[in-house]
Amino acid sequence: MAIDGIGRAVARGALLLCVCAPLLAGCGESPSEVVAREKTRVAAKIAELGRMIDAGRLPNGRIVRTYASLVGAERPELAKLVDELRKEATTEGLKFTNLGARLKAVDAEPSGQEEANRAFDDIVRIEAAADPVVFNDSLVDVLNVLADLSGGKLARMEGAAREKPSGQGAGSHLVGNPAYGRWQRDSTGGSFWAWYGAYALFRDVFWRPGRYYHNDWYPSRGWSYYGDVGRHYYGTRADQRRWGDAARRHPNVPHKTYRNLRSERRLSTYGRSDTRDAARTARRASSYSGYGSSVRGTSASGTRSGK
């Protein structure tokens, strides 16, 4: 089942298990105590994912390392960039370290029901992103960047294998992923992508205009795991709003899904947070946990933005 076809029934059931069950189990606990317990539980899952990565148990991680070695040998002038891409198959990569940073940033002292609901929404998303099957599929983007850098000598995988390489240059489908950069405003108010660290070489070497501007990039963006599947689990709230705004401005940009991604099936067990469903669940939970009955809904990230 494609991510957008999960449906409200699955979202309700999964969110009930992920949000309501911990609260029911913790009758009498304060919001901060329940959030702390859930953060500890998900931290253990992130640590287990890290052990699997370090042990080389993720298939796409092994391919990334192989591709990086081959591209590095062929193109020594890109050694710094290729090394950064290779790190994404390790616990030193930005994708993995970002999981811990996001979990740490979850509000540990929610002051009321709405804040607690938002904290649980964040925790559910981080837990999904730390699932080994999901994380393995997310490495497809890095793998395809290395394939593009090889000049066609290495095969692209999953959805990108069915498309021509982007005319916007190698690495353009990492644009928009907050693990690798952020959107900034220039002096005219235009929104452009600023890479982190060595990833700026994509701008300097491959994209001749020098900057990826959002209004130019989004309408012609190629398939990416992050953009078409994983942004609900790896993105920030602000990122979700931006994708949603872009989808409304450019309604003819197709959403692309491919059924051979194992993580699409796995992600359906986590469901998709929906504002009304989350609020309903929180109200039901609050009647058991005893920490407030005034619920106004969750944050904007709970919507099906950008789809």
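Remember, predicted model here, so these are calculated numbers, not experimental data.

**Student:** Now, about the nonpolar core: what can you tell me, with residues and values included?
**Tutor:** Counting 66 residues, the largest nonpolar core has Leu-85, Leu-99, Phe-135, Leu-146, Leu-149, Trp-195 and Tyr-234 as the members making the most contacts within it. Not counting chain neighbours up to four residues away, the residues in contact with Leu-146 comprise Val-64, Tyr-67, Ala-68, Val-71, Val-82, Leu-85 and Leu-154.

**Student:** How would you summarise the environment of Asp-148 if you had to cite specific residues and measurements?
**Tutor:** Relative to the assigned elements, Asp-148 resides in helix 8 (residues 140-149). Looking at Asp-148, the relative accessible area reads 17%, which means it is buried. Measuring from C-alpha to C-alpha, the distance between Asp-148 and Gly-169 comes to 8.5 Å, with 21 residues separating the pair along the chain.

**Student:** Hey, could you go over the pairing of strand 1 (residues 181-185) for me, with residue numbers and the actual values?
**Tutor:** Relative to strand 2 (residues 191-195), strand 1 runs antiparallel, the two being bridged by 5 bridges. The residue bridging Trp-183 from the neighbouring strand is Trp-193, located in strand 2. Counted along the chain from strand 1 to the antiparallel partner strand 2, the turn is 5 residues long, and its residue Gly-189 has a positive phi close to 95°.

**Student:** How would you sum up the pairing of strand 2? Please name residues and give values.
**Tutor:** Summarising burial for strand 2: 5 of the 5 residues are buried, a large majority. Where burial is concerned, the two faces of strand 2 agree: the one with Ser-191, Trp-193 and Trp-195 and the one with Phe-192 and Ala-194 are both buried.

**Student:** Lay out the packing of helix 11 (residues 225-234) against helix 12 (residues 237-249) with the relevant residues and their values.
**Tutor:** For the pair helix 11 and helix 12, interaxial distance at closest approach is 10 Å and the crossing angle is 135°. Taken together, helix 11 and helix 12 sit at an angle that is classed as oblique. Judged by the twist between their axes, the crossing of helix 11 over helix 12 is left-handed. Here Tyr-226, Gly-227, Arg-231 and His-232 of helix 11 lie close against helix 12, whose contacting residues are Asp-239, Gln-240 and Trp-243.

**Student:** So what's going on with the environment of Arg-51? Which residues, and what values?
**Tutor:** Following the sequence through the fold, Arg-51 ends up in helix 2 (residues 31-54). Residues Arg-51 and Thr-90, spaced 39 residues apart in sequence, show a C-alpha to C-alpha distance of 9.7 Å. A polar side-chain atom of Arg-51 sits 2.9 Å from a polar atom in the side chain of Glu-48.

**Student:** Break down the confidence of the model for the protein for me, with residues and values.
**Tutor:** Looking at the protein, pLDDT values average 77 and 72% of them are 70 or higher. By mean pLDDT, helix 14 (residues 275-289) is the weakest element of the protein at 38, and helix 3 (residues 59-74) is the strongest at 97. Segment residues 1-26: pLDDT under 50, and 56 contacts once partners within four positions in sequence are set aside and those in other chains are kept. In this model residues 272-307 is a low-confidence stretch, pLDDT under 50, and it forms 82 contacts with partners more than four residues away in sequence or in other chains.

**Student:** With reference to specific residues and values, describe the packing of aromatic side chains.
**Tutor:** Evaluated as defined, the whole model comprises 14 aromatic pairs. Ring geometry for Tyr-199 against Phe-202: centres 6.2 Å apart, planes inclined by 25°, an arrangement best described as stacked. Its relative accessible area of 1% is what places Tyr-199 among the buried residues. Ring pairs connect the aromatic residues Tyr-180, Trp-183, Trp-193, Trp-195, Tyr-199, Phe-202, Tyr-212, Trp-217, Tyr-218, Tyr-226 and Trp-243, which therefore count as one cluster. Here the basic side chain of Lys-95 rests over the ring of Tyr-234, its NZ or CZ set 5.5 Å away from the ring centre. One Lys or Arg, Arg-211, reaches over the ring of Phe-192 and ends 3.9 Å from the middle of that ring.

Each value, and the rule that gives it
- Residues numbered from 1 in each chain as written.
- Predicted model: local features only at pLDDT ≥ 70, side-chain atom pairs only at ≥ 80, totals over all residues.
- Heavy atoms only, no water.
- Core = buried A, V, L, I, M, F, W, Y, C linked by side-chain atoms within 4.5 Å.
- Buried < 20%, exposed > 50% of the residue type's maximum accessible area, 1.4 Å probe, protein only.
- Contact = heavy atoms within 4.5 Å.
- Helix = DSSP H or I, 4+ residues; strand = E, 2+ residues; numbered from the N terminus.
- Pairing = 2+ DSSP bridges.
- Axes fitted to C-alpha atoms, helices over the stretch in contact; angles between N-to-C directions.
- Parallel < 35°, antiparallel > 145°, perpendicular 65-115°, else oblique.
- Left-handed = near helix turned anticlockwise from the far one by under 90°.
- Polar contact = N/O pair within 3.5 Å; in protein donor to acceptor, adjacent residues only side chain to side chain.
- pLDDT = per-residue confidence, 0-100.
- Phe/Tyr/Trp six-rings, centres within 6.5 Å; stacked < 30°, edge-to-face > 60°.
- Lys NZ or Arg CZ within 6 Å of the ring centre and 35° of its normal.

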